[in-house]
Amino acid sequence: MELKTSFRAARKNQGKAPWCVDTRTLLGKNGSQNFFQTKADAANFINHYSSELVISDSASHKWNMQTLCDRYLALIDLEFQRGERSRSSLIGTTRFINQVLECSLEGKPLGNWMVIDIDKGHIQLDLMDQLRFGGVKDGRSQKTMLNIMGAVNGLFEFAKTMRCRTHNPYDGVKVKGHPGEEFQKKLLDPETITPENIAAIIGAMDQRWKVITNFAANTGLRQGELRVLTWGDIFFDKNIISVNKAMKHLENRIGAPKSVAGKRDVPFTKNLKKQMQEFYIANGRPGDDELVFPFVPGEGTRHAHFSRAKGTVMNKKDFLSAVHSACDVAGIQRITWHALRHFTASLLLAKMDNSKWAVSGRLGHAQRSTTEDIYGHIIPSKKVEVEEDLIAL
C-alpha cells in the first residue's frame, strides 16, 4: 500500500488547504490527515514520508516519540546493568531524554508525534530553542547543549537500528548555545598545545613519565583508559592497542569505556611501537593482566606517596602532578593531562585531511560533532606524514 493525494472540494470552498495525504492508510490510528495548499506540496510530503517509512515485522514504524524514548532508555539501563555504561552516563542520558520529551511541536506534545514525522527542521528550529532556553534565563551553554543534543542523536540512531526510519534527522544539525565559562576552558590556546611545547614538557620528565606521556600524545587515550591498560591489551604482532575498559573515577571501579564507540583498536605509530617494546623488556616482560602504567611511589610527582602500594592503579592527581611539574621545569604555561588528548585530536584532524569520521573513531567519540566542536580549532593547518608519529622523541 502506498500514500496518495486526494482533493477535498469542501475544504477548497471554505478557503482551507484542499490537498490531503492520509497516513492512516498505512499507520492506522497512529496516522493522521495532512493538508496542503497545492498538489505539488502534497507530493513532496509523500516523497519525504516514503523515504523514511520502513515496513518491518516489529511494526516499529508505527512508534511515536514516547515509545521510542521508553525503548531507548530501557536499552541504556540494560547497558548500565551489563557494565557497558557508567552510572553518570545513565543518569545524564535519562535526564536529557526526559528534557526532550517535555518539548512540543506545533502545539502538540513531542511524545505524541510519530517518529517518522520528525525532520531536521523540527530539531534545528524548534527543539533546539526549547531545549536551550527551557527553564534557563540566559540559555544553556554550548557544552550543555552538546550533551543534550548528543542524547538526541543517540536516540535517532537507535530509531534507525530499530527500523523506525531510514535516516537520522539530526545529521547536519548545528548545535546552538552561548560559549559559557565552562566551555571556554576546553578551548585551549593553540599557542600552548604545540608539538614544540609538548616535546619540551616530555623532555622535562623522568624516563618513565616520558614513556607514559609520549604514549598518551600519540594515541589520544583518555586518562581513565591509560590507568587500567594492561599488557594483554597491547598486540605488538598486530600493531594495535585494544581499548576495552576504563577507570570510573567517580565510582572508583573499572568498567567499560566512556561510550560504545570507546571500545576501539588504536594503531601503533612506528617509533611508539619500538619504544613500548623496549619499555616492556625493561619492566621484566610483565604478564598480560599486569598494568602497563602502574603506580610507582615518588616517580614524576612532587611527593612520594608511599601510603599506596607499588603496582596499583594510578589516580588522577598522579597524572596532573607529573605534567604540572614538567611544565614548571620547562618554563611553559601549565596544561592539564587532558590537553594531550586535545593535542592528539587536532594533529590527527590535520593528518587525516580533516576527516571527522576517521578521527572520531580513533578517539572513541560517540559523536562526530564532539571532534569538530571541541578539538578542531587547535593547529588546523598542521600536516604530518601518515607513517610518522604524531610526536617523536
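Above this note sits the structure.
Model, not experiment: these values are computed from the prediction.

The rules behind each value
Residues numbered from 1 in each chain as written. Predicted model: local features only at pLDDT ≥ 70, side-chain atom pairs only at ≥ 80, totals over all residues. Heavy atoms only, no water. Salt bridge = Lys/Arg side-chain N within 4 Å of Asp/Glu carboxyl O. Helix = DSSP H or I, 4+ residues; strand = E, 2+ residues; numbered from the N terminus. Buried < 20%, exposed > 50% of the residue type's maximum accessible area, 1.4 Å probe, protein only. Phe/Tyr/Trp six-rings, centres within 6.5 Å; stacked < 30°, edge-to-face > 60°. Lys NZ or Arg CZ within 6 Å of the ring centre and 35° of its normal. Core = buried A, V, L, I, M, F, W, Y, C linked by side-chain atoms within 4.5 Å.

Q: Could you give me a rundown of the pattern of salt bridges, with the residues and numbers involved?
A: Across all of its chains, the model carries five salt bridges by this definition. Notably, a salt bridge pairs R264 with E225, separated by 2.9 Å at the nearest N-O pair. On the criterion of sequence distance, the pair formed by R264 in strand β10 (residues 264–267) and E225 in helix α11 (residues 223–227) is long-range, its members being 39 residues apart. Just as R264 is buried, E225 falls in that class too. As a salt-bridge pair, R334 and D328 come within 2.8 Å of each other at their nearest N and O atoms. Classification of D328 as partly exposed rests on a relative accessible area of 37%.

Q: Describe the packing of aromatic side chains, and please don't skip the residues or the numbers.
A: Evaluation of the coordinates by the stated rule reveals 11 aromatic pairs. Both rings, one in W209 and one in W337, keep their centres 5.8 Å apart while their planes meet at 80°; by these two values the pair is edge-to-face. With a gap of 128 residues between them, W209 in helix α10 (residues 207–219) and W337 in the loop between α13 (316–330) and α14 (339–351) connect regions that are remote in the sequence. In this pair, the class of W209 matches that of W337, namely buried. Members of the aromatic cluster, joined through ring pairs, are F215, W231, F236, F268, F279, Y280 and F293. The ring of W113 has K108 lying over it, and the distance from NZ or CZ to the ring centre is 5.5 Å. The lysine or arginine in question, K238, covers the ring of F235, its NZ or CZ lying 5.4 Å from the ring centre.

Q: Could you give an account of the nonpolar core, with specific residues and numbers?
A: Ranked by size, the top nonpolar core spans 40 residues in total, and within it I198, I201, F215, M276, F293 and W337 carry the most contacts. Of all the elements in the fold, those that place two or more residues in this core are α9 (195–203), α10, β7 (240–243), α12 (270–282), α13 and α14. With six residues, α10 is the single largest residue contributor to this core. One finds L73, L90, L101 and V173 within the second-largest nonpolar core, a separate group that totals 37 residues.

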